[in-house]
Amino acid sequence: GGVGDADHEQVVGQGCGMPPAVEEALGFLRAASAWRHVALPSFAARLLRLACLIDAALCRRLLHERLLGTCLAAARGKPGEHLLLETCSASVAALWPVAEQPSA
């Protein structure tokens, strides 16, 4: 453990209320969205951050189409659906500055 491990676990670790399998599958998204922390240990989180910096619009579209849409469809009507939607929405919103957010 290094300096800041407790803070990092609070942001991206277990304890968010999602089942461990869901956290394991989508933890990289939460790690990537925590810009004030080093995305450890997730290489996928670092790649997602890089993709956001290179082409935010494409990254946003692919994230919604290929990952989140599928996950949220699978969770529809199941316990934890609201928590998953809330967690994913917050993580995605944190990936881009407010100025970059698509208009509703």
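Residues numbered from 1 in each chain as written. Predicted model: local features only at pLDDT ≥ 70, side-chain atom pairs only at ≥ 80, totals over all residues. Heavy atoms only, no water.

> Would you explain the packing of aromatic side chains in this entry?
For any pair of aromatic rings, geometry is given as the distance between the ring centres together with the angle between the planes. Scanning the model with the defined rule gives zero aromatic pairs in all. The ring of Trp 35 is capped by Arg 49, whose NZ or CZ atom sits 5.1 Å from the centre of that ring. (Phe/Tyr/Trp six-rings, centres within 6.5 Å; stacked < 30°, edge-to-face > 60°. Lys NZ or Arg CZ within 6 Å of the ring centre and 35° of its normal.)

> How should the side chain of Ser 91 be read in this particular structure?
Looking at the element boundaries, Ser 91 is found in helix α5 (residues 81-95). Setting aside residues up to four positions removed in sequence, Ser 91 forms contacts with Leu 29, Arg 30 and Ser 33. (Helix = DSSP H or I, 4+ residues; strand = E, 2+ residues; numbered from the N terminus. Contact = heavy atoms within 4.5 Å.)

> Teacher, can you tell me more about the pattern of salt bridges here?
Side chains that carry opposite charge are capable of pairing whenever their charged atoms lie near each other. Applying the stated rule across the entire model yields one salt bridge. When the shortest N-O distance is used, the salt bridge between Arg 61 and Glu 65 registers 3.4 Å. With Arg 61 and Glu 65 both in helix α4 (residues 56-75) and four residues apart, this pair spans about one turn of that helix. Arg 61 gets classed as partly exposed once you look at its relative accessible area, which sits at 45%. (Salt bridge = Lys/Arg side-chain N within 4 Å of Asp/Glu carboxyl O. Buried < 20%, exposed > 50% of the residue type's maximum accessible area, 1.4 Å probe, protein only.)

> In this structure, what is going on with the nonpolar core? I would like to understand it.
Judged by nonpolar contacts, the single largest core of 19 residues is most densely connected at Leu 29, Leu 48, Leu 63, Leu 95 and Trp 96. Considering each element in turn, this core owes the most residues, five residues, to α4. When near neighbours in sequence (up to four residues on either side) are disregarded, Leu 95 contacts Leu 29, Ala 32, Ser 33, Trp 35, Leu 48, Cys 52 and Leu 63. (Core = buried A, V, L, I, M, F, W, Y, C linked by side-chain atoms within 4.5 Å.)

> Would you explain the side chain of Arg 49 in this entry?
By secondary structure assignment, the location of Arg 49 is in helix α3 (residues 43-54). For Arg 49, the side chain forms a polar contact with the main-chain oxygen of His 37, separated by 2.9 Å. Not counting chain neighbours up to four residues away, the residues in contact with Arg 49 comprise Ala 31, Ala 32, Ala 34, Trp 35, His 37, Val 38 and Ala 39. (Polar contact = N/O pair within 3.5 Å; in protein donor to acceptor, adjacent residues only side chain to side chain.)

> Just checking my understanding: could you explain α3 for this structure?
Two residues of an α-helix separated by three or four positions point the same way, owing to the 3.6 residues in each turn. The end-to-end C-alpha distance of α3 is 17 Å, a good match for the 16 Å that 12 residues give at a rise of 1.5 Å each. When we look at burial in α3, the residues that qualify are Ala 45, Leu 48, Arg 49 and Cys 52. Here the buried residues of α3 occupy an arc of 100° about the axis, which is enough to place them on one side. Within α3, the exposed residues directed more than 90 degrees away from the buried face are Phe 43 and Ile 54. Buried positions along α3 lie against α2 (20-33), α4 and α5. (Expected span 1.5 Å × (residues − 1). Arc of directions from axis to C-beta.)

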